Amino acid sequence: MNIDQLIYDCKKNDIKAQEQLYKQFAPKMFSVCLKYSRSYAEAQDHLQDGFLLVFEKIHLFEFKGSFDGWIKRVIINHVLQQYRNKSFLSTIDEDIAEEVDVDIDDGVSMEYLLKIIQELPDRYRLVFNLNVFENYSHQEIANSLGISVGTSKSNLARAKMILKEKIENNTGSSKMPSIK
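Residues take numbers from 1 onward in each chain, read along the sequence in its written order. pLDDT decides what is reported in this predicted model: residues at 70 or higher carry local features, side-chain atom pairs at 80 or more are listed and counted, and totals for whole chains, interfaces and linings draw on all residues regardless. Remark: hydrogens and water are excluded; side-chain values derive from all non-hydrogen atoms of the structure.

(A) Structural detail: unusual backbone geometry. Backbone geometry at Asn13 places phi at a positive 60 degrees, although glycine is not the residue there. A run of H or I in DSSP becomes a helix once it reaches four residues, and a run of E becomes a strand once it reaches two; helices and strands are each numbered from the N terminus. Structurally, the position occupied by Asn13 is in the loop between helix H1 (3-11) and helix H2 (15-36). The backbone phi angle of Asn135 is positive, close to 60 degrees, even though this residue is not glycine. Within the secondary structure, Asn135 is located in the loop between helix H6 (122-132) and helix H7 (138-145). Residue classification places Asn135 among the exposed positions, given a relative accessible area of 62%. When accessible area is computed with a 1.4 Å probe and restricted to protein chains, residues below 20% of their type maximum are described as buried, those above 50% as exposed, and intermediate ones as partly exposed.

Following this line, the structure appears as structure tokens:
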């Protein structure tokens, strides 16, 4: 069954189509949830709740643009909503730290990188992921999380500094790393 037919069937609340859509997209969306979550278990919760929202909102998908992009946006927005009203995001404008580059060399595994990203404080992890992996501007991040642009920039710089230190400690490298 092609993806368009699967989507049409999901719009009709066809349970078999929903199951097939879930099986097709869950692995990719789980990796998205892992980036934004503090743990594996939290990512699983975000994935399940996110797919419930996908099935609830699938009638809004109008076959304009890719379904991959649409479902990813729904999942990310769901995860962000879980954090949006938390007090940790309500920080005041901070001095913007200088830009920090973090270099992922061959000595850093993806598992380790994901682990240290998950260990970041929530506000740093969310800003880092939105900027680095989703290419959001600081204005878009500020709008999405209800924070100021300055806070977004500061949180990104602090996240990069923490990652840089952890990578250097793990690899024993003293060179300046580079994630832009």
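There's more to say after this.
(B) Main features of the packing of aromatic side chains. Each pair of aromatic rings taken from Phe, Tyr and Trp, with Trp reduced to its six-membered ring, is defined by centres within 6.5 Å and is described as stacked if the planes are under 30 degrees apart, edge-to-face if over 60, and tilted in the remaining cases. Summed over the entire model, instances satisfying the criterion amount to 10 aromatic pairs. Their ring planes at 75 degrees and their centres at 5.3 Å tell us that Phe25 and Phe67 sit as a pair that is edge-to-face. Residue Phe25 is located in helix H2, and its partner Phe67 is located in helix H4 (residues 67-84); the two are separated by 42 residues in the primary sequence. For Phe67, a relative accessible area of 7% puts it in the buried group. Here the aromatic residues Tyr8, Phe25, Phe61, Phe63, Phe67 and Trp70 are joined through ring pairs into a cluster of three or more.

(C) Local environment of H7. Taken together, the buried positions of H7 are His138, Ile141, Ala142, Ser144 and Leu145. Seen from one end, H7 has its buried residues packed into an arc of 165 degrees, which puts them on one side. Just downstream of H7, Gly146 is the residue with a positive phi angle, here 70 degrees. Here the arc refers to the set of directions running from the helix axis out to each C-beta atom.

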